[in-house]
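So you can see what is in the structure, the chains are spelled out below.
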2 protein chains.
Amino acid sequence: MKRCEIASLFAAPPAQGEVVTVAGWAKTVRDSKNIGFIELSDGSSFKNLQVVFEAARLDNFKEIAKCGVGTALLVTGRIVLTPGAKQPLELNGDSIAVEGVCPPEYPLQKKRHSVEFLRTLPHLRARTNTFNAAFRVRSEAAFALHDFFHKNGFVYVHTPLITGSDCEGAGEMFRVTTIDPEDPPRGADGKVDYSEDFFGRQTNLTVSGQLEAEGMALAFGKVYTFGPTFRAENSNTPRHAAEFWMIEPEMAFADLTDYMDNAEDMIKSVVRHLLASCPDEMAFFNQFYDKGLLERLTALADSEFARVSYTDAVKILQENNDKFEYKVEWGTDLQTEHERFLTEQVYRRPVFVTDYPKEIKSFYMRQNDDGKTVAAADMLVPGVGELCGGSQREERLDRLEARMDELGMNKDDYQWYLDLRRFGSAKHAGYGLGFERLIMYVTGIPNIRDVLPFPRTAGGF
Amino acid sequence: MKRCEIASLFAAPPAQGEVVTVAGWAKTVRDSKNIGFIELSDGSSFKNLQVVFEAARLDNFKEIAKCGVGTALLVTGRIVLTPGAKQPLELNGDSIAVEGVCPPEYPLQKKRHSVEFLRTLPHLRARTNTFNAAFRVRSEAAFALHDFFHKNGFVYVHTPLITGSDCEGAGEMFRVTTIDPEDPPRGADGKVDYSEDFFGRQTNLTVSGQLEAEGMALAFGKVYTFGPTFRAENSNTPRHAAEFWMIEPEMAFADLTDYMDNAEDMIKSVVRHLLASCPDEMAFFNQFYDKGLLERLTALADSEFARVSYTDAVKILQENNDKFEYKVEWGTDLQTEHERFLTEQVYRRPVFVTDYPKEIKSFYMRQNDDGKTVAAADMLVPGVGELCGGSQREERLDRLEARMDELGMNKDDYQWYLDLRRFGSAKHAGYGLGFERLIMYVTGIPNIRDVLPFPRTAGGF
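Because the structure is a prediction, the values reported are computed rather than measured. (Residues numbered from 1 in each chain as written. Chains lettered and ligands numbered in written order. Predicted model: local features only at pLDDT ≥ 70, side-chain atom pairs only at ≥ 80, totals over all residues. Heavy atoms only, no water.)

The interface is formed by 107 residues belonging to chain B together with 107 residues belonging to chain A. Where chain B abuts chain A, roughly 8400 Å² becomes buried across the two surfaces, and 63% of that area is made up of carbon and sulfur atoms. The partner of Glu182 of chain A in a salt bridge is Arg186 of chain B, and the shortest N-O contact between them spans 3.3 Å. If you look at where chain B meets chain A, you find 39 residue pairs in polar contact (both at pLDDT 80 or more). Counting residues per element, the side of chain B that touches chain A draws most heavily on helix H4 (residues 129-151) of chain B, which supplies 12 residues. Looking at the side of chain B that touches chain A residue by residue, the class counts come to 55 nonpolar, 28 polar and 24 charged. (Contact = heavy atoms within 4.5 Å. Buried area = accessible area lost by both parts, 1.4 Å probe. Salt bridge = Lys/Arg side-chain N within 4 Å of Asp/Glu carboxyl O. Polar contact = N/O pair within 3.5 Å; in protein donor to acceptor, adjacent residues only side chain to side chain. Helix = DSSP H or I, 4+ residues; strand = E, 2+ residues; numbered from the N terminus. Nonpolar A, V, L, I, M, F, W, Y, C, P; charged D, E, K, R; others polar.)

Our focus in this paragraph is the pattern of salt bridges. In a structure, side chains of opposite charge can pair up when their charged atoms sit close to one another. Counted under the stated rule, the structure contains 52 salt bridges over all chains. The salt bridge involving Lys47 of chain B is made with Asp280 of chain B; its shortest N-O contact spans 3.8 Å. You can see Lys47 of chain B sitting in the loop between strand S2 (35-41) and strand S3 (49-54) and its partner Asp280 of chain B sitting in helix H7 (residues 279-288), a full 233 residues away along the chain. Given the relative accessible area of 28%, Lys47 of chain B is considered partly exposed. Judged by its relative accessible area of 28%, Asp280 of chain B falls in the partly exposed class. The partner of Arg78 of chain B in a salt bridge is Asp94 of chain B, with the nearest N and O atoms 2.9 Å apart. Note that Arg78 of chain B is positioned in strand S4 (residues 72-81) and Asp94 of chain B in strand S5 (residues 89-100), a separation of 16 residues in sequence. Each of Glu54, Arg57, Arg78 and Asp94 of chain A takes part in a single network of salt bridges with overlapping partners. (Buried < 20%, exposed > 50% of the residue type's maximum accessible area, 1.4 Å probe, protein only.)

This next bit is on unusual backbone geometry. All names here are of chain A. Its identity as a non-glycine residue notwithstanding, Lys33 has a phi of 55°, on the positive side. For Lys33, the location among the structural elements is in the loop between strand S1 (19-32) and strand S2 (35-41). Classification of Lys33 as exposed rests on a relative accessible area of 70%. Phi is positive for Phe253, close to 55°, though the residue is something other than glycine. Within the element layout of this structure, Phe253 appears in the loop between strand S11 (243-252) and helix H6 (256-277).

Quick look at helix H12 (residues 415-422) of chain A now. Residues and elements named next belong to chain A. Along H12, the positions that sit buried rather than exposed are Tyr417, Leu418, Asp419, Leu420 and Arg421. Contacts from the buried residues of H12 go to helix H5 (210-220), strand S15 (385-393), helix H11 (397-406) and strand S16 (428-434). Backbone geometry just after H12 places Gly424 at a positive phi near 70°.

Turning next to the sheet that holds strand S11 (residues 243-252) of chain B. Residues and elements named next belong to chain B. The strand order across the open sheet built from eight strands is S6-S10-S11-S16-S15-S14-S13-S12, with neighbouring strands paired in mixed fashion. On the outer flanks of this sheet lie strand S6 (155-156) and strand S12 (306-309), each paired with one strand and no other. Bridge count between strand S14 (residues 373-381) and strand S15 (residues 385-393): six bridges; the pairing is antiparallel. Counted as the bridge partner of Ala377 is Gly390 from S15. This element, H4, spans S6, strand S10 (222-230), S11 and strand S16 (428-434) of the sheet and lies at about 150° to S10. Each of S11, S12, strand S13 (351-357), S14, S15 and S16 is contacted by helix H6 (residues 256-277), which is oriented at about 15° to S14, the strand it contacts most. (Pairing = 2+ DSSP bridges. Axes fitted to C-alpha atoms, helices over the stretch in contact; angles between N-to-C directions.)

This brings us to the relation of the copies chain B and chain A. In screw terms, the move from chain B to chain A is a rotation of 180° and a rise of 0.0 Å along the axis, fitting with an RMSD of 0.0 Å. The operation mapping one copy onto its partner corresponds to a two-fold rotation axis. Taking the C-alpha atom as reference, chain B places Val176 of chain B closest to the rotation axis, 2.5 Å from it. Comparing interface residues between copies, 100% of those in chain B also lie at the interface in chain A; the contact surface is shared. (Least-squares fit on C-alpha atoms with pLDDT ≥ 70 in both.)

Burial analysis of helix H13 (residues 435-443) of chain A places eight of its nine residues in the buried class, the great majority of the element. When H13 of chain A is considered as a whole, its buried residues turn out to be Phe435, Glu436, Leu438, Ile439, Met440, Tyr441, Val442 and Thr443 of chain A.

Residue and element names in this part refer to chain A. Side chains of strand S12 (residues 306-309) alternate between two faces, with Ala306 and Val308 buried and Arg307 and Ser309 left unburied. In terms of strand pairing, S12 meets strand S13 (residues 351-357) through four bridges, oriented parallel. Pairing of Ser309 across the sheet is with Thr354, part of S13.

Another point: the packing of H4 of chain B against helix H13 (residues 435-443) of chain B. Residue and element names in this part refer to chain B. Between H4 and H13, the shortest axis-to-axis distance is 10 Å and the interhelical angle comes to 120°. In terms of axis orientation, H4 runs oblique to H13. When you trace H4 past H13, the crossing you get is right-handed. Here Ala134, Val137, Arg138, Ala141, Ala142 and Leu145 of H4 lie close against H13, whose contacting residues are Phe435, Glu436, Leu438, Ile439, Val442 and Thr443. (Parallel < 35°, antiparallel > 145°, perpendicular 65-115°, else oblique. Left-handed = near helix turned anticlockwise from the far one by under 90°.)

A few words on the side chain of Thr206 of chain B. Residue and element names in this part refer to chain B. Within the element layout of this structure, Thr206 appears in the loop between strand S9 (203-205) and helix H5 (210-220). Residue classification places Thr206 among the buried positions, given a relative accessible area of 4%. Residues contacting Thr206, with those up to four places away along its chain left out, are Pro160, Leu161, Thr163, Met173, Pro228, Thr229 and Phe230.

We now examine the environment of Ala217 of chain B. Along the chain, the position of Ala217 of chain B falls in helix H5. Separated by 212 residues in the primary sequence, Ala217 of chain B and Ala429 of chain B have C-alpha atoms spaced 9.4 Å apart.

Turning next to the sheet that holds strand S4 (residues 72-81) of chain A. Within a sheet, each strand pairs with its neighbour through backbone hydrogen bonds, oriented either parallel or antiparallel. Residues and elements named next belong to chain A. One closed barrel accounts for five strands, arranged S1-S2-S3-S5-S4; its pairing is mixed. For this sheet, the mean inter-axis angle between neighbouring strands, taken without regard to orientation, is 50°. Inspection of the sheet shows S2 paired to strand S3 (residues 49-54) by six bridges, in the antiparallel sense. Paired with Phe37 across the strands is Val52, a residue of S3.

Below, the discussion takes up the side chain of Glu394 of chain B. All names here are of chain B. Along the chain, the position of Glu394 falls in the loop between S15 and helix H11 (397-406). With relative accessibility at 0%, the residue Glu394 sits in the buried group. Within the structure, the side chain of Glu394 is placed 2.7 Å from the side chain of Arg396, a separation counted as a polar contact. The residues contacting Glu394, other than those within four sequence positions of it, are Tyr364, Met365, Arg366, Gln367, Arg399, Leu400 and Arg421.

All right, on to the packing of aromatic side chains then. The geometry of two aromatic rings is summed up by the distance between their centres and the angle between their planes. All chains considered together, the criterion is met by 59 aromatic pairs over all chains. Seen in terms of ring centroids, Tyr156 of chain A and Tyr224 of chain A are 5.1 Å apart; in terms of plane orientation they differ by 20°. Their pairing is stacked. Linking Tyr156 of chain A in strand S6 (residues 155-156) with Tyr224 of chain A in strand S10 (residues 222-230), this pair joins segments that are 68 residues apart in sequence. The same class applies to Tyr156 of chain A as to Tyr224 of chain A, namely buried. Residues Phe148 of chain B and Phe149 of chain B carry aromatic rings whose centres are separated by 5.1 Å and whose planes lie at 80° to one another, so their mutual orientation is edge-to-face. Taken individually, Phe148 of chain B and Phe149 of chain B each receive the classification buried, so the pair is uniform in this respect. Taken together, the ring pairs connect Phe46, Phe284, Phe285, Phe288 and Tyr289 of chain A into an aromatic cluster. (Phe/Tyr/Trp six-rings, centres within 6.5 Å; stacked < 30°, edge-to-face > 60°.)

Have a look at this one:
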């Protein structure tokens, strides 16, 4: 008999008495003499299916009653509709077979486990409620992002992971090599000879696909990346990972406002998708991780994001400097405490802060006419602070080269990037969204190690 | 005036005389005295928009007439419907502004460029027909895959790129390190001390996410990966890249037939999506890369894939050994010539070859009762040969350990993987699809360097 998934039983309950087969893992097994109850999960649904089993019907009643948590079972039985109960139906087992045993050494016995303990079991922890919910939300958020950009005519581009240069000085990089570390080839000067390395040069893992995405946007009009990104920074914090996923949209013939409009639509679209497609998971996070989560996300989906210039934001913050550990003055970067104050206390909704001082932003951001600021904007959201950042890109060759000279950058490394300004240059804008930061935001999970299936962070794995 | 995208003009033509603004790049500019024609591309559509411009209407007629190929332009004009013409409409310009000039040094002048030459310009080549079509098809294929798995209840999982071990001996790996290569820390034995490396151990770039995906499938039931994968193999061929993207679905409570059914549905679903969503691009490939492409893909979408055991396939091939460079006998791996013979000559449609000798397949594949073969299957398609490969996984702890011992593998490195067989083990199956191989197949492009936006191959980049 063809197996039914539990999610489909809940979505479209069969008729009373219909015979179905399900397969899954026992989350709990209880029994009293002649009747027993199994909470069965097959991973298709956050909710478990209750299986009732009776000594009168099963030859192997005792074997089943003794099953350990985690046992894989095949159950054929009759649907019993249970209107008014927590679940719309249960299954009365006519035959239950053990597919795979689960001995008492199984580390996920029925009790509360700390996330720290579960991090030591990355291959098993997705079987627990928190991680099952987190990774399903992660999957649905990824789909919502692809769907949003696809619907809006963006081309999905894969930018390279292995790169030849540190594109924007964005951070420490991992080296990628096949050179024998014990005895590397060396040149006449005694230094390691990278012409002998796999690609005939020194190579690293990318810190951003933005520059390549700009090139693709100037061909396709609108593109986005969604791929892994790396930082070899020794930041052992709840918010930093060495390997994480980024979304980097880039739009030609677009300015700062176009970026903000798109990013606002994008976040709302993802949040609406999650509220609609993962109600059980989101309710779980609201109950156990952040009591204000659903209210905050619902508000975000319905709000119009505020927009304020950095200069005006600094004025507002300076009036409240007594509340901050780090005092604000024009020219300093905003700290999370300032960002949260703006979005939570001042605007009480998401807010874009625009036109930051050029000294605290990247070389590729478009220089404003005031000579002091660039057309950059960060999106700040309640509960978190910065969720994504972007800018209009400097499309004027002379301005871009002048800024690179000011910063002492080696223009030879960027000739291809400058070509984009030489040949049919166009106004364009884009942004970057850290995917894990988004998942932390929409789940309330406070540690990046718990939204990545197999986290790679400073401190090892 | 808000900019219209060319794709939307073609999809839903405005009324005759309606005034619209478009922005894009000139692919050609022609003029004769008082009238000129621009083929304008904004990247939203494979088809260009014809812009007509007249000296009588434009003060800057001469400037526009002199525009180089690649110039970025902003055009406001009136829609002229052209029923019966190649395109449904053109635009009569009332005002044309140069957004970004494009000097004669622009390397993509109007002429035929070789793909070899264009590979030297990865930042620009997406502006040409071949690469514009290839990367749009790549994007649409990626979306079709996400959509297929999402609709079928698969959870998208991100398996790690940086790994601690060579999971299946699948190939040479890149090392990932932050150790100073000039003067690495060394232990008392004089060897490089990897406890000083970023993760406190030796780390590599992954060759496959399958083993981790198995763990996730035993929690979620059905999962798939879609991410980058690496091989540090010095294979300078048209089919090998050092960095490429893989799709690795994995299904619990599933056997070899379930994998084949899913993979067949998946390929058909992607092909149907491409035929429907990229008609212009597919027609281009059919015309310039492979005259039989559309016919072959249409046939694939409508066919029922054949299935034959390796043992039976070998019998068929042996009867034709005079046709092959490599003669076939039971126990040898099939070469592309054999695979193509089976799918093109014998079955004339896609075919799964099943149950290969265990010696030529991986340790994790489920051992058949004959003691000689494993429950593996490769999907062979006309024109290419193997498109994807998969197997039922060995879910029996004792069998898996015995096979690992036979192969001299270090079981200590795989304790987490063996845990999946200790704790609620279940029948499961999965497969791997090389994304670039799929794109080569659906476009007819013969070199993997031309379906990857920024290829990383042996020989450098």
